[in-house]
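# Coordinate analysis (summary)
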Amino acid sequence: MNNNILHIKNGSCTSVTEIPVLGYGDFRQTASRLLGDKARHCVSYFAYPCNEGFRLMMCIADDSAHDILVFACDVEKDAELPSIAAEQLALERFEREIHENWGLGFTGHPWYKPVRDFMPDKYKFFEMAGEELHEVGVGPVHAGVIEPGHFRFICNGEDVLHLEIQLGWQHRGIEKLMLDKKRLIERVLLAESIAGDTSVSHSTAFAGLWEALCGTVPGDDVLWARTLAAELERMANHTGDLGAICGDVAYQLGAAVYGRLRTPIVNFSQRWCGNRLGKGNVRPSYAPYAFTEELRRQLLQDLTAYERDFLEMSDKIQHFPSVLSRLDRTGVVSREQAEAIGAVGMAAKCTSVCRDIRASHPYAAYPALSIEPVVKDGGDVLARTELRIDEVKQSLAIVRVLLENVPAFDGKMRSPGQPKADSFAISLTEGWRGEICHCAVTGADGELLTYKIKDPSFHNWMALALAVRGNEISDFPICNKSFNLSYCGHDL
């Protein structure tokens, strides 16, 4: 730690007294300086009530040093603060969220608009003038997944000039429920319900954070199981999305084959833990379901059959002209745009921005696996498609390595203990969409004062809005599916 920054590691816990508390001028300058280095990005920025006002907490990941840089600032209620996002655009959504949750103002902010408290009868959408321009509204209920989201296009004929995405209709209140619910099992169930298709990665982030708060070190069997479950989750979702991408370009063979191939992966999860999405498979301090020799043989058999058809189908779509013509140079996001908005996961890696927590801030069994992230440079739907294919191939290799040495499972239900008083903990995982961040602060009695969740979709919805510019509106479905961002992961 230097005078104004605390350096910690992923999955660690520290006393809140160790976190430097700066004046806002120094806080703003430090954040802007640190984020000027492209090897760093903000993983969490939030506020919580403290000292009759609010404490701002900034957490910046330094991917080259494998550290997380933490510093804070105390401000008064109803304070008006110069916006850091005016200099570092990637913070604009964090500042909007702080303003919306706590009433703090940020002068000079690029665009004050709702993050989740969206009231369509009171909100004025962005407008452009021109006789040949027209607006197209989609929503508020998504036709496919029945999740709340509104998409407002401004078009010149078929060409999209601007897309404004407005989410946050349900107000699920998960972060508040994390404070209200006092039983650990209730909090675990909340964590694995943040985004159903990312149950394993979110519950792993929660488990890692809770273990850090309690000073518990899980066994090798626990870390091994979390890693295997996470890679199966990645394979299942990438495979399903590849099928959906094929469906959106009317390649029905690909849609059918990939759709079928997802099934044995999720069905294996059902056999292992009783849930196709992996719910129930991750618990703080212990592994609830043993991985038996019978399960090992079954998974190896499933993978052999899966890999043969997956590779054949993937080769077809990567060389089929009618598919490539719809994917190539469609929905382009540049590296400069991805860096500016703080994109993570797939949205970043497809623009040559290498952000993968498994490699930069490894957790669970990943430190021993030496992950080399898959990175593409096209920034288009094709790049996002090929990244999915290559990540599935990588996950297949990772799973086979894990299956070479299955640890003995303890089988005992263990309590992680009680959270430490006056402490801060942070836990990052790499979900299949990108990085997930959970943060918590406890008070003098060890109870939670705040619990902050960040799903990768929080960063990446802006990437979709940028991707459709200059495309025809008929390309929106394929652009949207190439990201497949989470509505509920955003609507906390």
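As shown above, the structure is provided for reference.
Quantities reported herein were computed from a predicted structural model and do not represent experimental measurements.

Here we come to helix 13 (residues 381-404). Between the first and last C-alpha of helix 13 there are 35 Å, a value that for 24 residues agrees with the 34 Å anticipated at 1.5 Å per step. Among the 24 residues of helix 13, 17 are classified as buried, and the element is accordingly described as predominantly covered.

Another aspect to go through is the nonpolar core. Counting residues in each nonpolar core, the largest one holds 98 residues, and the members touching the most others are Phe 291, Phe 424 and Leu 464. It is helix 6 (residues 220-248) that provides the largest number of residues to this core, a total of 12 residues. Those residues in contact with Phe 291 that sit more than four places away from it in its chain are Trp 224, Leu 228, Phe 268, Trp 272, Arg 296, Leu 299, Leu 403, Val 406 and Phe 409. In this structure, Leu 22, Tyr 24, Ala 85 and Phe 94 belong to the second largest nonpolar core, which totals 29 residues.

Read across the open sheet, the three strands follow the order 9-10-11; overall the sheet is antiparallel. Two strands lie at the open edges of the sheet, namely strand 9 (133-138) and strand 11 (159-167), each paired on one side alone. Averaged over all pairs of adjacent strands, the angle between strand axes in this sheet comes to 20°, irrespective of strand direction. Judged from the eight bridges that link them, strand 10 (residues 149-156) and strand 11 form a sheet pairing that is antiparallel. Opposite Phe 153, over in strand 11, you have Leu 163 as the bridge partner. Of the strands in this sheet, strand 10 and strand 11 touch helix 14 (residues 457-467), which is tilted by about 160° from strand 11.

To continue, consider the sheet that holds strand 12 (residues 423-430). If you trace the four strands from one edge of the open sheet to the other, you get 2-12-13-14, paired in antiparallel fashion. Edge positions in the sheet fall to strand 2 (12-15) and strand 14 (448-454), since each of these pairs with one other strand and no more. Recorded for the sheet is a direction-independent mean angle of 15° between the axes of neighbouring strands. Sheet analysis places strand 2 next to strand 12, joined by four bridges and oriented antiparallel. Within strand 12, the residue paired with Ser 12 across the bridge is Ile 426.

With that out of the way, let us pick up the side chain of Asp 302. Mapped onto the secondary structure, Asp 302 falls in helix 8 (residues 293-317). When its relative accessible area of 12% is taken as the criterion, Asp 302 is described as buried. A polar atom in the side chain of Asp 302 sits 2.8 Å from the side chain of Gln 298. In this structure Asp 302 touches Pro 264, Phe 268 and Arg 271, once residues within four positions along its chain are discounted.

With their axes 9 Å apart at the nearest point, helix 5 (residues 199-214) and helix 6 run at an angle of 155° to one another. If you check the angle between helix 5 and helix 6, you find them roughly antiparallel. For helix 5 against helix 6, the interelement crossing comes out left-handed. The segment helix 5 lies against helix 6, with Ser 199, Val 200, Ser 201, Thr 204, Ala 207, Gly 208 and Glu 211 engaging Arg 226, Ala 229, Ala 230 and Glu 233. Split into classes, the residues belonging to the contact of helix 5 with helix 6 amount to four nonpolar, four polar and three charged.

By secondary structure assignment, the location of Pro 477 is in helix 15 (residues 476-483). By relative accessible area, which is 38% here, Pro 477 ends up partly exposed. The sequence separation of Pro 477 and Asp 248 amounts to 229 residues, and the corresponding C-alpha distance is 6.7 Å.

Where helix 6 contacts helix 7 (residues 252-273), the axes come no closer than 7 Å and their chain directions differ by 160°. The angle between helix 6 and helix 7 places the two elements in the roughly antiparallel class. In terms of crossing hand, the pair formed by helix 6 and helix 7 is left-handed. Only Gln 252, Gly 254, Ala 255, Tyr 258, Leu 261, Arg 262, Ile 265, Val 266, Phe 268 and Trp 272 of helix 7 make contact with helix 6, whose side of the interface consists of Ala 225, Leu 228, Ala 229, Leu 232, Met 235, Ala 236, Thr 239, Gly 240, Leu 242, Gly 243, Cys 246 and Gly 247.

Attention shifts here to empty space enclosed by the protein. Taken as a whole and judged by the stated rule, the model has three cavities of 30 Å³ or more. The space that makes up the largest cavity amounts to roughly 160 Å³. Put simply, the parts of the chain that give the lining of the largest cavity at least two residues each are helix 6 and helix 7. Counted by class, the lining of the largest cavity contains eight nonpolar, five polar and four charged residues.

Here is what the cut-offs are and how they apply
Residues numbered from 1 in each chain as written. Predicted model: local features only at pLDDT ≥ 70, side-chain atom pairs only at ≥ 80, totals over all residues. Heavy atoms only, no water. Helix = DSSP H or I, 4+ residues; strand = E, 2+ residues; numbered from the N terminus. Expected span 1.5 Å × (residues − 1). Buried < 20%, exposed > 50% of the residue type's maximum accessible area, 1.4 Å probe, protein only. Core = buried A, V, L, I, M, F, W, Y, C linked by side-chain atoms within 4.5 Å. Contact = heavy atoms within 4.5 Å. Pairing = 2+ DSSP bridges. Axes fitted to C-alpha atoms, helices over the stretch in contact; angles between N-to-C directions. Polar contact = N/O pair within 3.5 Å; in protein donor to acceptor, adjacent residues only side chain to side chain. Parallel < 35°, antiparallel > 145°, perpendicular 65-115°, else oblique. Left-handed = near helix turned anticlockwise from the far one by under 90°. Nonpolar A, V, L, I, M, F, W, Y, C, P; charged D, E, K, R; others polar. 1 Å grid on protein atoms, 1.4 Å probe; cavity = no way out; pocket = protein on both sides within 12 Å on 5 of 7 lines; lining within 4 Å. Points joined across faces, edges and corners; volume = space filled by probe spheres on them.

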